[in-house]
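One letter stands for each residue in the lines below.
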Amino acid sequence: MGEQTLVSGKWLADMVRRNVVGPRLRILDTSWYLPMMKRDGKKEFAQCHIPGASFFDIDECSDRTSSFDHTLPSEELFADYVGSLGVGGDSHVVVYDASDFGAFSCTRVWWMFRLFGHPEVSVLNGGFRNWVREGHPVTGKLTRPERAHFPATMNRSWVKSFEDMTENIATQGFQVVDVRPYARFRGEEPEPREGVQPGHIPGSRCMPFFRFLDDEGMMLSPQELRKFFEKSQVDLSKPICGSCGSGVTACHMVLAAHLCGAPGASVYDGSWYEWFTKAPPEHIVSQVKRS
């Protein structure tokens, strides 16, 4: 089917209507929400989803031994998990979520597939929000795909560790883009996790993830995205690393850079949650003075 970074609701609805969903085309609902959002992606999926879709649980497909949220899984775990969803080495995967933004967590799963060596993955532009708005079919019927073999090889250069981020403060080998809202970045509004205060990594730039989307929840055009990078003083021709609260919405920036012809932006997997927990006070930048 060729690599398509974004697919439209119309295209996917046509695939569903033609009964193409199967081993060669897998649809994954990747809905994940912060506790403050008071939504349960798995429960909502069981009630209503795109016909033929399976549920991808970001928390389940993670390194459960880590003290941080949904840390990346090993190659073996990822291969086993997506194989259980019927995703094979030759499957075209389409990911979406049901957030009010139009895209929230699906970009993380898009990035994970690419990270583990599978470029045949697309994001449903506009997400479930627009799928429903456009009148495409939904169902509560659960399908159990046949297990498939998925070969996974991680591109480790696309993942940054706490040590990488600390070293980068001195070397400035890559640009750091934080996609949390401006007020959390500046330290003016609270973080959603208990015991974590807002602020940012020294030298990072703020590009809130929802600014990559228009009012309808659709991805901005490459031209508009380039303007946003430029306005944010981020050079697409140089290495970039995305950060957020816990490594999920950072992937919006990776997708945006990819659409601008700059593939291969990396992600700080631990993001602000890990940084605040481990970094010395002088490496926690805030516009708000704390007692």
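No experiment lies behind these values; they were computed from the predicted model shown.

Some points on the overall build of the protein
- Within the protein one finds 10 helices and 10 strands.
- The C-alpha atoms of the protein give a radius of gyration of 19 Å, which matches the 19 Å a tight globule of 291 residues would have.
- Each principal axis of the C-alpha atoms in the protein carries an extent, and together these give about 60 × 40 × 40 Å.
- Each of the 291 residues in the protein was classed as buried or not, and the buried ones make up 54%.
- Looking at the protein as shown, the accessible area adds up to about 13,300 Å², and 50% of this sits on carbon and sulfur atoms.
- Side-chain charges in the protein split into 32 positive and 36 negative, and the spacing between the mean points of these groups amounts to 3 Å.

Some points on helix α3 (residues 75-84)
- Within α3, burial applies to E75, F78, A79, Y81, V82 and G83.
- Packing partners of the buried residues in α3 comprise β3 (54-55) and α4 (106-115).
- Just downstream of α3, G86 is the residue with a positive phi angle, here 85 degrees.

Some points on the sheet that holds strand β8 (residues 205-206)
- The parallel open sheet is built from 5 strands, whose spatial order is β6-β10-β9-β7-β8. What marks the edges here is a single partner per strand, and that holds for β6 (159-160) and β8.
- Of the pairings in the sheet, the one linking β6 to strand β10 (residues 266-268) comprises 2 bridges and is parallel in character. Across the sheet, K160 pairs through a bridge with Y268, a residue of β10.

Examining the domain arrangement of the protein
- Under the domain assignment, the protein is made up of domain 1 (6-154) and domain 2 (157-283).
- Placing the centre of domain 1 and that of domain 2 at their C-alpha centroids yields a distance of 23 Å.
- Across the boundary between the two partners, domain 1 contributes 27 residues, which contact 30 residues of domain 2.
- Together, F68, W110 and W111 form the three largest contributors to the area buried by domain 1 at its contact with domain 2, with a combined 24%.

A closer look at the nonpolar core
- Counting 59 residues, the largest nonpolar core has F56, W111, F113, F212 and M253 as its most contacted members.
- Of all elements in the fold, only α3, β4 (92-96), α4, β5 (121-124), α8 (222-231) and α9 (250-259) reach the threshold of two or more residues within this core.
- Top contributing element to this core by residue count: α9, with 8 residues.
- For this core, the two domains that each supply at least three residues are domain 1 (6-154) and domain 2 (157-283).
- In contact with F56, other than residues within four places in its own chain, are L28, D29, T30, C61, F78, Y81, V82, L85, V109, M112 and F113.

A look at the pattern of salt bridges
- The final tally for this structure, using the stated rule, is 16 salt bridges.
- A salt bridge links R147 to D80; its shortest N-O distance comes to 3.4 Å. Here D80 lies in helix α3 and R147 lies in the loop between α5 (127-133) and β6, a separation of 67 residues in the sequence.
- Measuring nitrogen to oxygen at the nearest pair gives 2.9 Å for the salt bridge that ties R184 to E191.
- Salt bridges here are not isolated pairs; linked through shared partners, they connect D178, R180, R184 and E191.

Reading the values: rules and limits
- Residues numbered from 1 in each chain as written.
- Predicted model: local features only at pLDDT ≥ 70, side-chain atom pairs only at ≥ 80, totals over all residues.
- Heavy atoms only, no water.
- Helix = DSSP H or I, 4+ residues; strand = E, 2+ residues; numbered from the N terminus.
- Rg over C-alpha atoms; globule rule 2.2 N^0.38 Å.
- Buried < 20%, exposed > 50% of the residue type's maximum accessible area, 1.4 Å probe, protein only.
- Areas by Shrake-Rupley, 256 points an atom, 1.4 Å probe, with all protein chains shown as cover.
- Lys, Arg positive; Asp, Glu negative; His and termini not counted.
- Charge placed at Lys NZ, Arg CZ, Asp CG, Glu CD.
- Contact = heavy atoms within 4.5 Å.
- Pairing = 2+ DSSP bridges.
- Domains from an automatic or database assignment.
- Buried area = accessible area lost by both parts, 1.4 Å probe.
- Core = buried A, V, L, I, M, F, W, Y, C linked by side-chain atoms within 4.5 Å.
- Salt bridge = Lys/Arg side-chain N within 4 Å of Asp/Glu carboxyl O.

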